[in-house]
Amino acid sequence: GRMRNEIVLDLETKRAPSEWGRRDELGSLGISVVGMWSSRDDTFRAFREDAIPELATILEQADHLIGFAIKKFDLPVLQPYVSFDLGEIPVLDMFEDVSNRLGHRISLASLAKATLGAAKTGHGLDAVTWYREGEWQRLEEYCLQDVRLTRDLYHFGKQQGHLLFESNVDQKTVSVPVSWGMP
């Protein structure tokens, strides 16, 4: 059959959420940029707001969406922009998966640092500032870097069966099992 198309997604918003996770508010934050990696052509692409219809056609062909806190954040923010139900695409939310196993929240930065030796170059509030200031290049680079970290963590977890993070309690590196390699 055709090659599976796995898509790693991350987006930045125009406005900062007043309280993280208020679902009723998420649809009105507005998108500045969506970053995407597709397994089919192994490319990273950034879509500004006016290009989201093009992104939507790509997502309709997706076999699998992968992201970090994507179920509670990225997908509800993106939903008003697309005409089909994003909930119909199978999703792996690495944040949800790892947090459920650990019994506490874990950040992308913490996982990326311990597992990949990679540092994030900013955080979501920087992205809001860059959007306001028209710093498109910084915004797109930041968003795509998060996509890359998410993709690399996904591939690491799939191949190795675990991810690493630094414990807040004693700063030791701790392994958390994941089962993404399983059919």
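Quick summary incoming for the structure in this document. (Residues numbered from 1 in each chain as written. Predicted model: local features only at pLDDT ≥ 70, side-chain atom pairs only at ≥ 80, totals over all residues. Heavy atoms only, no water.)

Turning our attention to the nonpolar core. Counting 26 residues, the largest nonpolar core has Ile 7, Leu 9, Val 34, Leu 55, Leu 59, Leu 78 and Leu 86 as its most contacted members. Listed by contribution, the elements that provide at least two residues to this core are strand S1 (6–13), strand S2 (31–38), helix H2 (52–60) and helix H3 (70–78). The residues contacting Ile 7, other than those within four sequence positions of it, are Met 36, Trp 37, Ser 38, Ile 58, Leu 59, Ala 62, His 64, Leu 65 and Ile 66. Within the second largest apolar cluster, 21 residues are counted, among which are Trp 37, Ala 69, Met 94 and Phe 165. (Core = buried A, V, L, I, M, F, W, Y, C linked by side-chain atoms within 4.5 Å. Buried < 20%, exposed > 50% of the residue type's maximum accessible area, 1.4 Å probe, protein only. Helix = DSSP H or I, 4+ residues; strand = E, 2+ residues; numbered from the N terminus. Contact = heavy atoms within 4.5 Å.)

On to the sheet that holds strand S5 (residues 91–93). One open sheet holds the 5 strands; their spatial order is S3-S2-S1-S4-S5, and the pairing between them is mixed. Of all the strands in the sheet, the pair left with one neighbour each is strand S3 (43–48) and S5. With strand direction ignored, the average angle separating the axes of adjacent strands in the sheet is 25°. The pairing of S1 with S2 spans 7 bridges and is antiparallel. Of the residues in S2, the one forming a bridge with Glu 12 is Val 33. Together, S1, S2, S3 and strand S4 (64–67) form the strand contacts of H2, whose direction differs from that of S3 by roughly 135°. (Pairing = 2+ DSSP bridges. Axes fitted to C-alpha atoms, helices over the stretch in contact; angles between N-to-C directions.)

This part takes up the pairing of strand S7 (residues 173–177). In this sheet, S7 lies alongside strand S6 (residues 162–166) in antiparallel orientation, the contact comprising 5 bridges. Of the residues in S7, the one forming a bridge with Phe 165 is Val 174. Between S6 and the antiparallel strand that follows it, S7, lie 6 residues; Gln 171 among them carries a positive phi value of about 60°.

Here the focus is the environment of Val 33. The topology assignment puts Val 33 in strand S2. Between the alpha carbons of Val 33 and Ala 118 there is a distance of 22 Å; along the sequence they are 85 residues apart. Setting aside residues up to four positions removed in sequence, Val 33 forms contacts with Asp 10, Leu 11, Glu 12, Ala 46, Phe 47, Arg 48, Leu 139, Glu 140 and Cys 143.

Before going further, it helps to spend a moment on unusual backbone geometry. Of note in the backbone geometry, Asp 42 takes a positive phi value of approximately 50° without being a glycine. Secondary-structure assignment places Asp 42 in the loop between S2 and S3.

With that settled, consider the packing of aromatic side chains. Pairs of aromatic rings are described using the distance from one ring centre to the other and the angle between the two planes. Scanning all chains against the criterion turns up 4 aromatic pairs. Measuring from ring centre to ring centre gives 5.6 Å for Trp 130 and Tyr 142, while their planes differ by 70°; the resulting arrangement is edge-to-face. Linking Trp 130 in helix H6 (residues 124–132) with Tyr 142 in helix H7 (residues 136–160), this pair joins segments that are 12 residues apart in sequence. For Tyr 142, a relative accessible area of 3% gives the class buried. With centroids separated by 6.1 Å and ring planes inclined at 35°, the aromatic side chains of Tyr 154 and Trp 180 adopt a geometry described as tilted. Taken together, the residues Tyr 154 in helix H7 and Trp 180 in the segment after S7 connect sequence positions 26 residues apart. Considered together, Tyr 154 and Trp 180 belong to a single accessibility category, that of buried residues. The residue whose ring lies beneath Arg 151 is Trp 37, and the NZ or CZ to ring-centre distance is 5.2 Å. (Phe/Tyr/Trp six-rings, centres within 6.5 Å; stacked < 30°, edge-to-face > 60°. Lys NZ or Arg CZ within 6 Å of the ring centre and 35° of its normal.)

That's the geometry; what it means functionally is another story.
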